[in-house]
Amino acid sequence: MMGAAELGAFVRQAEHDLFRLECLDQYQVESDGGDYARYVAGEPGPDMTRMGPWLDRLRDETGRGLRRRRVHVLRSPVGDYLRFECEWAYALNAQAGEEIRILDLAERPLPTALKLEDFWVIDGQGVALGDSSLVTDDLANGRLVRPFGLSLKGPAQFAYYV
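Residue numbering note: each chain is counted from 1, following its sequence as written. At least 70 in pLDDT is required for a residue's local features to be given in this predicted model, at least 80 for side-chain atom pairs to be given and counted, and no such filter applies to totals for whole chains, interfaces and linings, which use all residues. Excluded from the side-chain calculation are hydrogens and water; included are all heavy atoms of the structure.

K.L.:
Explanation requested: the overall build of the protein chain in the structure shown.
P.N.:
Strands are runs of DSSP state E lasting at least 2 residues, helices are runs of H or I lasting at least 4, and numbering of each runs from the N terminus. When helices and strands are tallied, the protein chain shows 5 helices and 6 strands. Only protein chains enter the calculation, and the probe is 1.4 Å; a residue is then buried if its accessible area is under 20% of its type maximum, exposed if over 50%, and partly exposed in between. Within the protein chain, buried positions represent 34% of all 162 residues. Expressed as a percentage of contacts within the protein chain between residues at least 6 apart in sequence, the contacts between residues at least 24 apart total 70%. The contact criterion used throughout is that any non-hydrogen atoms of two residues lie within 4.5 Å.

K.L.:
What am I meant to see in the side chain of Glu98 here?
P.N.:
Mapped onto the elements, Glu98 comes out in the loop between helix 4 (80–95) and strand 3 (99–104). Using a relative accessible area of 5% as the deciding quantity, one classes Glu98 as buried. In protein, a polar contact means a hydrogen-donor-capable atom and an acceptor-capable atom, both N or O and within 3.5 Å, with residues adjacent in sequence counting only if both atoms are side-chain atoms; elsewhere, any N or O pair within 3.5 Å suffices. Here the side chain of Glu98 touches Arg70 through a polar contact of 2.7 Å, side chain to side chain.

K.L.:
What exactly am I supposed to notice about the environment of Arg70 here?
P.N.:
Locating Arg70 in the fold gives a position in strand 2 (residues 67–74). Separated by 30 residues in the primary sequence, Arg70 and Ile100 place their C-alpha atoms 4.8 Å from one another. Of note is the side chain of Arg70, whose polar atom sits 2.9 Å from the side chain of Glu22.

K.L.:
I would appreciate a short explanation of the pattern of salt bridges in the present structure.
P.N.:
Opposite charge on two side chains allows them to pair when their charged atoms are near. Salt bridges are counted wherever a side-chain nitrogen of Lys or Arg sits within 4 Å of a carboxyl oxygen of Asp or Glu. All chains considered together, the criterion is met by 11 salt bridges. A salt bridge links Arg57 to Glu61; the shortest N-O distance between them is 3.1 Å. Here Glu61 and Arg57 lie together in helix 3 (residues 48–63), a separation of 4 residues that amounts to about one turn. Residue classification places Arg57 among the partly exposed positions, given a relative accessible area of 27%. A salt bridge links Arg83 to Asp80; the nearest nitrogen and oxygen atoms lie 2.3 Å apart. Placement of both Arg83 and Asp80 in helix 4 is noted, with a separation of 3 residues, approximately one turn of the helix. According to the relative accessible area criterion, Asp80 is partly exposed, its value standing at 35%.

K.L.:
Help me out: how do you make sense of the packing of aromatic side chains in this one?
P.N.:
In this description, an aromatic ring pair is defined by two values, namely the gap between the centres and the angle between the planes. Aromatic contacts are taken between Phe, Tyr and Trp rings whose centres are within 6.5 Å, Trp giving its six-membered ring; a plane angle under 30 degrees counts as stacked, one over 60 as edge-to-face, and the others as tilted. Across all of its chains, the model carries 7 aromatic pairs by this definition. Centre to centre, the rings of Tyr39 and Phe84 are 5.8 Å apart; their planes meet at 55 degrees, and the pair counts as tilted. Taken as a pair, Tyr39 in helix 2 (residues 35–40) and Phe84 in helix 4 lie far apart in primary sequence, 45 residues in all. For Phe84, a relative accessible area of 5% puts it in the buried group. The ring centre of Tyr27 lies 5.4 Å from the NZ or CZ of Arg20, which sits over that ring. A ring is scored as having a charge over it whenever the NZ atom of a lysine or the CZ atom of an arginine sits within 6 Å of its centre and within 35 degrees of its normal.

K.L.:
How do you make sense of the pairing of strand 2 when you look at a structure like this?
P.N.:
Looking down a regular strand, the side chains alternate between one sheet face and the other. Burial within strand 2 is extensive, with 6 of its 8 residues counted as buried. For two strands to count as paired, DSSP must find a minimum of two bridges between them. As defined by bridge partners, strand 1 (residues 17–22) adjoins strand 2 across 6 bridges and the pair is classed as parallel. By the bridge assignment, Phe19 is partnered in strand 2 with Arg69. For a crossover, the right-handed case is the one in which the path from the first strand over the helix to the second runs clockwise, viewed with the strands pointing away from the viewer. Remark: the strand 2/helix 4/strand 3 crossover connection has right-handed handedness.

K.L.:
Can you walk me through helix 4 in this structure?
P.N.:
For the α-helix, the turn length of 3.6 residues means that residues three or four positions removed from each other point alike. Helix length check: helix 4 (16 residues) gives 22 Å between terminal C-alpha atoms against 22 Å at 1.5 Å per residue, within 8%. Bend, in this description, refers to the angle at a residue between axes fitted to the seven residues ending there and the seven starting there. Of all the bends in helix 4, the largest measures some 35 degrees and sits at Ala89. If you check which residues of helix 4 are buried, you get Tyr81, Leu82, Phe84, Glu85, Trp88, Ala89, Tyr90, Leu92 and Asn93. Here the buried face of helix 4 lies against strand 1, helix 2, helix 3, strand 2 and strand 3. One or two steps after helix 4, the chain reaches Gly97, where phi turns positive at roughly 120 degrees. Given the number of residues in a helix, its expected span is that number minus one, multiplied by 1.5 Å.

Such coordinate-based values are descriptive only and should not be taken to indicate function.
So, in structure tokens, the structure goes:
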């Protein structure tokens, strides 16, 4: 399974277009640097000494022509974590050049072509966690490859594909 360091290296290879679909209600990531705890505690804003370099990176990427896009699929009402993402993380990321959209399933149905699984598409190359039965033909035709063994918790038919 691709870990955070490997995914980060893959993402940093992007030259033209970086797209991310997010579908979870909460992410357990250390990269928030304690900002989620600050948000829940009612602090006035994120730790800008930590977040500043990230925002500089986003501005630099936009300046060199990298288009970074994100869609988060959620269902309102949302909990603390998604409010934190929208009010602190997404608001600042958008000001720094990331294009962020929200698809609220309470307002409209899920498009039939969309499967609720996080994935990245980087310069036309994707990384996804998916159900093997949905990609059998693509695997057989070589349009997708399974670069990692199945070491995921949950049903054995789920794996990463590129």
